[in-house]
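Residue-level listing of the chains:
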Amino acid sequence: MNKGGGVAAVVEQRELAGPVPSGASVRVMRGFFEGLELPVDRDWMVVGRGHGADLLITEPTISRAHAAIGFDGEEFFVEDLGSTNGTAVNGKRKPRTALNTGDEIQLGKLCLRVTLPSVR
């Protein structure tokens, strides 16, 4: 769980990256919302079960502000936001991971597959 005041506190800790390349998306592969596909059209998109999350998932294994998916001006990434159950990309847990098309992000019981445009 994020100890720093929830989603609002997390948003204040980052800087804007500029325009986000179009065509990025995440698709729920496993979990209650299986098949749901959402565009990643912002430089910072919070996934969690809290009301302030951009992708609100009411799943008990997801923290209120579990992770953020975003674009830092050079690459797309996923960053764990101090979640209880952690965030893994392709089975490996790191605080922040650069993303590639086809990567699978595990957030609690939720599994997301990433589709990205070419950014170079």
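In the block above lies the structure referred to throughout.
It should be emphasised that the depicted structure is a prediction, and the values quoted were computed from it without experimental measurement.

Student: Sorry, what's going on with the packing of aromatic side chains here?
Tutor: We describe a pair of aromatic rings using the distance from one ring centre to the other and the angle between the two ring planes. Summed over all chains, the structure comprises two aromatic pairs. Taking the centre distance of 6.2 Å and the plane angle of 45° together, the rings of Trp44 and Phe77 count as tilted. Taken together, the positions of Trp44 in strand β3 (residues 44–48) and Phe77 in strand β6 (residues 76–80) put the pair 33 residues apart, joining distant regions of the chain. Looking at Trp44, the relative accessible area reads 8%, which means it is buried. For Phe77, a relative accessible area of 3% translates into the label buried. Ring centres of Phe71 and Phe76 lie 4.8 Å apart, and the angle between their planes is 50°; on these two criteria the pair is classed as tilted. Residue classification places Phe76 among the buried positions, given a relative accessible area of 2%. In this arrangement the basic side chain of Arg96 is found over the ring face of Phe77, its NZ or CZ atom lying 3.7 Å from the centre.

Cut-off values and rules
Residues numbered from 1 in each chain as written. Predicted model: local features only at pLDDT ≥ 70, side-chain atom pairs only at ≥ 80, totals over all residues. Heavy atoms only, no water. Phe/Tyr/Trp six-rings, centres within 6.5 Å; stacked < 30°, edge-to-face > 60°. Helix = DSSP H or I, 4+ residues; strand = E, 2+ residues; numbered from the N terminus. Buried < 20%, exposed > 50% of the residue type's maximum accessible area, 1.4 Å probe, protein only. Lys NZ or Arg CZ within 6 Å of the ring centre and 35° of its normal.

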